[in-house]
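Working through the structure, step by step
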Amino acid sequence: MGEINPLDLLQPAATRVRDPVSGRSVWLAQMVQRPRVEEGTLRFDLAFTSQHTKQDRSDIQAAVVANLRELGVTGDIQPFARLVMPKGGTGGPPKPKAPPVKGMEGGGMQPHGGAIHKKTIPGVKHIVAVASGKGGVGKSTIASNLAVGLTQFGHKVGMMDADVYGPSLPTMMNVHTRPVVNKEKRIQPVVAHGVKCISIGLVVDPEEAIIWRGPMIMGLLRQFIQDTDWGELDYLIVDLPPGTGDAQLSLIQAVPLAGAVIVTTPQDIALADAIRGISMFRKLDVPLLGLVENMAYYPLPDGTRDYVFGQDGGKRAAEKYATELLAEIPLQTAIRKAGDDGTPAVLGSDELAHNFSHIAKRITEKLPTAAE
Ligand SMILES: Nc1ncnc2c1ncn2[C@@H]1O[C@H](COP(=O)(O)OP(=O)(O)O)[C@@H](O)[C@H]1O
Ligand SMILES: [Mg+2]
């Protein structure tokens, strides 16, 4: 293995530190500037605004440096704190301070074992996020079919429904048993169609979850991921909440993702949201496994296709962003019905099942599980 370039480690180091002013990671808030290596010393500027307290500044600086050390930078590190004008961003007023997250007191900076520090899950080979820029595009449909599809290739699969406000795993996988917590306080997933399932919908009344604040949700999701007895898994599929906001960001930052699948419908607006998703994962260094265009067309009885929402949007977006279009899934009553019945369409033997199965196959090819 070649020498690690310390400049390459700035992004992961700063991504793990939360900026209390913007509520985003220090990296996404673009506070790390002018990274350079001079005579073996890693130097960079940290751009603070007047909204950062003195404590904020020293906490952030210390956290970034500690993360760099942890990532293996051994040489000198010299950050330089600079005061800049608060960014107008979209022209709106500066964002209010994000509320402190439990376990992240002190502005959220915890370089070691902190809340946004990625912990691997022992026994789990690949964690794959299924994400969408907006809700209702079929994210959970794709996630459940992907999970079940992977079992059909002989893999051990888990699925976690992280969508607090619209948990659909219980319906789509037909699981309604409350998970048991054993003596060691480990949550036992409920097995459905060969997939170990956990959903916030199995534990919390969705109406109750609505009133929760972001940090509470994050805490619960993290606990779900870390405290569940997943056992040995080849793939853990995470059905993320829709959108590209802070909840998604912190979740993505909390979990060591092997990659992400983005679901979109063909409309321009959905595609624009999907593209936001693509750039979010890019910035966070999560590999993009591909795009699934759902409700791509309506199959007519004569075998032709009605492109209800426009044609080839997914294909164009995939080309433009150099990612793979994993599948074009039609708009079909059978899909909705399969979801409502809790028997994912991939379990069938028709063209549709084949379409879904192809997504799973490509994931196994992109993320192999055989012992190296
Ligand atoms: N291709 C499709 N054809 C028909 N119905 C679909 C299709 N994809 C999803 N649905 C239905 O649309 C609704 C929303 O899908 P869902 O997967 O829950 O979306 P999301 O998780 O993005 O909110 C569900 O009732 C689902 O069964
Ligand atoms: Mg959903």
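Residues numbered from 1 in each chain as written. Chains lettered and ligands numbered in written order. Predicted model: local features only at pLDDT ≥ 70, side-chain atom pairs only at ≥ 80, totals over all residues.

1. A look at the packing of helix α1 (residues 6-15) against helix α2 (residues 54-70)
The test is simple: Axes, fitted as lines to C-alpha atoms, cover a helix only where it is in contact. Angles between the N-to-C directions of the axes lie from 0 to 180 degrees. Note on conventions: DSSP H or I runs of at least 4 residues are helices, E runs of at least 2 residues are strands, and numbering of each starts at the N terminus. Roughly parallel refers to an angle under 35 degrees, roughly antiparallel to one over 145, roughly perpendicular to one between 65 and 115, and oblique to any angle outside these ranges. Handedness of each helix crossing follows the sense of rotation of the near helix against the far helix: counterclockwise by less than a right angle gives left-handed, clockwise gives right-handed. Residues are treated as contacting if the C-beta atoms built from their backbones sit within 7 Å of each other.
Running from N to C, α1 and α2 point in directions that differ by 125 degrees, and their axes come no closer than 8 Å. On the basis of their axis angle, the class for α1 and α2 is oblique. When you trace α1 past α2, the crossing you get is right-handed. Contact with α1, carried on its side by Leu9, Ala13 and Ala14, involves Val64, Asn67 and Leu68 of α2 and no other residues of that element.

2. Observations concerning the confidence of the model for the chain
Keep this limit in mind: Along the chain, pLDDT gives the predictor's confidence residue by residue, from 0 to 100.
Of the residues in the chain, 87% reach a pLDDT of 70 or more, and the chain-wide mean stands at 85. At the level of individual helices and strands, the chain shows its lowest average pLDDT in helix α5 (residues 206-209), which scores 67, and its highest in helix α3 (residues 139-151), which scores 98. For the stretch residues 88-117, pLDDT sits under 50, and the model shows 47 contacts to residues farther than four places along the chain or on other chains.

3. Looking at the nonpolar core
Side chains of nonpolar character tend, in soluble globular proteins, to be buried together. Cut-off, in case you're wondering: The term nonpolar core means buried Ala, Val, Leu, Ile, Met, Phe, Trp, Tyr and Cys residues held together as one set by C-beta atoms within 7 Å. Exposure classes come from backbone-placed C-beta atoms, where a residue is buried if 20 or more other C-beta atoms lie within 10 Å of its own, exposed if 12 or fewer do, and partly exposed in between.
Val130, Leu146, Ile237, Val238, Ala260 and Val261 are the most contacted members of the largest nonpolar core, which has 80 residues in total. Leave out the neighbours within four places in its chain, and valine 261 touches Val128, Val130, Ile142, Leu146, Leu289, Gly290, Val292 and Leu326. Membership of the second largest hydrophobic core comes to 19 residues, among which are Ala29, Met31, Val32 and Leu42.

4. Regarding the site of ligand 1
This is how it is decided: Nearness here has a simple definition: the residue's C-beta atom, placed using the backbone, must lie within 6 Å of the molecule or strand. In this classification, Asp, Glu, Lys and Arg are treated as charged, Ala, Val, Leu, Ile, Met, Phe, Trp, Tyr, Cys and Pro as nonpolar, and every other residue, Gly included, as polar.
Among the 19 residues in the neighbourhood of ligand 1, the closest are listed as Gly138, Lys139, Ser140, Thr141 and Gly339. Elements that contribute at least two residues to the shell around ligand 1 include exactly α3 and α10 (333-341). Among the residues forming the shell around ligand 1, the class breakdown is six nonpolar, eleven polar and two charged.

5. Quick word on the sheet that holds strand β1 (residues 32-38)
Our working rule: Only strands that DSSP links by at least two bridges are regarded as paired with each other.
Judged by pairing direction, the sheet is mixed, and its three strands sit side by side in the order β1-β2-β3 without closing on themselves. The open sheet has two edge strands with one neighbour each: β1 and β3 (77-83). In this sheet, adjacent strand axes meet at a mean angle of 20 degrees when their direction is disregarded. Both strand β2 (residues 41-48) and β3 contribute to a ladder of seven bridges, which runs parallel. Across the sheet, the residue bridging to leucine 46 is alanine 81, located in β3. α1 rests against β1 and β2 of the sheet, and its axis sits at about 150 degrees to β1. Along the sheet, α2 contacts β2 and β3; its crossing angle with β3, the most-contacted strand, is approximately 150 degrees.

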